[in-house]
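This is what each chain is made of:
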Amino acid sequence: MGMSPAGFAVSELSEVVRLCNPNFESMRAISWQVKGPVADSWRRWLESLFEPVLLPHLWRVLELSARQSAREIIALDAELDRSMKPWPRQRSMDAGRLLLQQSTPRGERLMARLQESIQAGAACGHFATLYSVRCVAFSIPTRAAVLGYLLQELVIGAPNETGQVKLLEAAVETVNEFLRISSNGLNEGLRFHG
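Calculation criteria
- Residues numbered from 1 in each chain as written.
- Predicted model: local features only at pLDDT ≥ 70, side-chain atom pairs only at ≥ 80, totals over all residues.
- Heavy atoms only, no water.
- Salt bridge = Lys/Arg side-chain N within 4 Å of Asp/Glu carboxyl O.
- Buried < 20%, exposed > 50% of the residue type's maximum accessible area, 1.4 Å probe, protein only.
- Helix = DSSP H or I, 4+ residues; strand = E, 2+ residues; numbered from the N terminus.
- Axes fitted to C-alpha atoms, helices over the stretch in contact; angles between N-to-C directions.
- Parallel < 35°, antiparallel > 145°, perpendicular 65-115°, else oblique.
- Left-handed = near helix turned anticlockwise from the far one by under 90°.
- Contact = heavy atoms within 4.5 Å.

Enquirer: I would appreciate a short explanation of the pattern of salt bridges in the present structure.
Expert: Pairing of side chains with opposite charge becomes possible as their charged atoms draw close. Counting across every chain of the model gives six salt bridges. In this structure, Asp81 and Arg89 form a salt bridge, with 3.8 Å as the shortest nitrogen-oxygen distance. When its relative accessible area of 18% is taken as the criterion, Asp81 is described as buried. Owing to a relative accessible area of 23%, Arg89 belongs among the partly exposed residues under this scheme. Taking the shortest distance from any N to any O, the salt bridge between Arg91 and Asp94 comes out at 3.2 Å. Of this pair, Arg91 and Asp94 both sit in helix 4 (residues 86-100), separated by three residues, roughly a single helical turn.

Okay, here's the thing in structure tokens:
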């Protein structure tokens, strides 16, 4: 596949997903559940959970992972847990536990520290948190990591949808704007949608 009009290559994002989530093929829904027409459901999920909660969370965990800031990541995981409704919260933790079973690059200590915190009950182990940490462990750029997360939600949530690229493109402008604001060091990036 080539580049989409929104400037991403689905094949490259698929490679990010394969590297950072080897269990992708066997996963069930993460935090998006199709209710009604797929495009409408996707838009509602983007507006209600992804843009105000998951996008800032992914960005912050990616930034903190690069600094090996386990304590702050654990706090963000707990914050994410409080921000989610019961169904996506449980699905996200289930997906996170599945992701924890995967090996990480040699010398990667942050994931081990998070796993200890999850086992001790200090962290919940949400998929978005653990996926972000894995992306940094594999040196995945921020935009590719975020779009890879979206691709997983979309493909797992609506595997038979023929317009997946178009639906993914619907989120790209928001992701690009959020990352542009955040990379400029503006605090508004953390409060982009809410």
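Enquirer: Could you clarify how one ought to interpret the packing of helix 5 (residues 110-119) against helix 6 (residues 127-137) in this entry?
Expert: Angle between the axes and distance between the axes are the two parameters that describe a pair of packed helices. Across the interface, helix 5 lies against helix 6 with an axial gap of 10 Å and an inter-helix angle of 160 degrees. Between helix 5 and helix 6, the crossing angle belongs to the class labelled roughly antiparallel. Where helix 5 crosses over helix 6, the handedness of that crossing is left-handed. Here Leu110, Met111, Leu114 and Ile118 of helix 5 lie close against helix 6, whose contacting residues are Leu130, Val133 and Arg134.

Read these as layout, nothing more, since geometry by itself doesn't imply function.
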